[in-house]
Structure formats: C-alpha cells, structure tokens
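# Commentary on secondary and tertiary structure
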Amino acid sequence: TWSSDHSNTGNGFKICARERTEVYWNVDGPCSFVAGQPHCVTSPNWPNNYNNNEACTMSVPNQGQMYLRTESFGTEQTHDRLTINGNSYSGSGSNLVGHGIPFSGA
C-alpha cells in the first residue's frame, strides 16, 4: 500500500519482483507499471515527484512468498509511506535500495 499526505512530496519509489520476470501486479490507484518491465511498479509520476493525497494498493496474487527489489526510494519521512507486509517505509530509503524485501504476494 502506498499513501502520501497533504504536504511535501518526493520522487517516490520503483520496486520490482526480484528474480521473477513473469509477475503480474494488481494495482488499484495511480501507481504504474514500468514500460518493458511488467514485474516492476512505481509510485505515481516516478521518477518525478508524486502529488499530495495519493494512495494505491498493489498486490501479486497467487505468487506465494517472493522478494521485492527496491531500485529507487524517496518519500517525505514518516508521512508518505510504502507499507509491505505490515512494515512501513519512508524517507530516503537508503536502507531499502538494492535490498530484498520479503513479500507474501497478496
């Protein structure tokens, strides 16, 4: 789940299914797929700044346990969040970029 509040914005995120190219995301809201990389999804308007008061939900049905690779991450610290399996991420994302994040898929 992705959400932004009513103030400052950032360039958002790009996350991909690590080691799986045949992953089919379900996206509800303004998040987008990456052209030529259907296993990747981005925040709205990435790599440019997203807008205030946006939200989207992303899932990957029927994939079971997999890992996500964060290729880019930058949000307003503590206010604009990407939540994966109950863990919220915000800020510069330096601890996320290039690392695998466990994801249950749905």
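Computed from a predicted structure; not experimentally measured.

## What about the side chain of Thr42?
Structurally, Thr42 is set in strand β5 (residues 37-42). Setting aside chain neighbours within four positions, we find Thr42 in contact with Phe13, Lys14, Cys31, Ser32 and Val34.

## What about the sheet that holds strand β3 (residues 26-28)?
Sheet strands line up and pair through hydrogen bonds in the backbone, either parallel or antiparallel. Strand order in the open sheet formed by 5 strands is β3-β6-β1-β8-β9, and the pairing between neighbours is antiparallel. A strand with exactly one partner marks an edge of an open sheet, and here the two such strands are β3 and β9 (87-89). Of the pairings in the sheet, the one linking β3 to strand β6 (residues 55-59) comprises 3 bridges and is antiparallel in character. Counted as the bridge partner of Asp28 is Thr57 from β6.

## Regarding the side chain of Glu54
Checked against the element boundaries, Glu54 lands in the loop between β5 and β6. Buried charge without a salt bridge: Glu54, with Arg81 as the nearest opposite-charge side chain at an N-O distance of 15 Å. Side-chain polar atoms of Glu54 contact the backbone nitrogen of Asn51, separated by 3.0 Å. Beyond its immediate sequence surroundings of up to four residues, Glu54 is in contact with Trp2, Ser3, Ser4, Pro30 and Pro44.

## Comments concerning the state of the cysteines
For the coordinates displayed, the defined rule picks out 2 disulfides. In this model, Cys16 is linked to Cys40 through a disulfide, with the two sulfur atoms separated by 2.0 Å. Taking the torsion about the S-S bond as the criterion, the Cys16 to Cys40 disulfide, at about 105°, is right-handed. Here the residue Cys16 occupies a position in strand β2 (residues 12-17), and Cys40 occupies one in strand β5, the gap between them amounting to 24 residues. Cys40 sits in the buried class, given a relative accessible area of 0%. There is a disulfide in this structure between Cys31 and Cys56, and the S-S distance comes to 1.8 Å. One end of the pair, Cys31, is in the loop between β3 and β4 (32-34); the other, Cys56, is in strand β6, and 25 residues separate them in sequence. Comparing Cys31 with Cys56 shows no difference in burial state: the two are buried.

## Considering the confidence of the model for the chain
In this model, the chain carries an average pLDDT of 83, and 88% of its residues clear a pLDDT of 70 or more. Mean pLDDT per element in the chain: strand β10 (residues 100-103) is the minimum at 72, and β6 is the maximum at 91.

Rules used throughout
Residues numbered from 1 in each chain as written. Predicted model: local features only at pLDDT ≥ 70, side-chain atom pairs only at ≥ 80, totals over all residues. Heavy atoms only, no water. Helix = DSSP H or I, 4+ residues; strand = E, 2+ residues; numbered from the N terminus. Contact = heavy atoms within 4.5 Å. Pairing = 2+ DSSP bridges. Buried < 20%, exposed > 50% of the residue type's maximum accessible area, 1.4 Å probe, protein only. Lys, Arg positive; Asp, Glu negative; His and termini not counted. Salt bridge = Lys/Arg side-chain N within 4 Å of Asp/Glu carboxyl O. Polar contact = N/O pair within 3.5 Å; in protein donor to acceptor, adjacent residues only side chain to side chain. Disulfide = S-S within 2.5 Å. pLDDT = per-residue confidence, 0-100.

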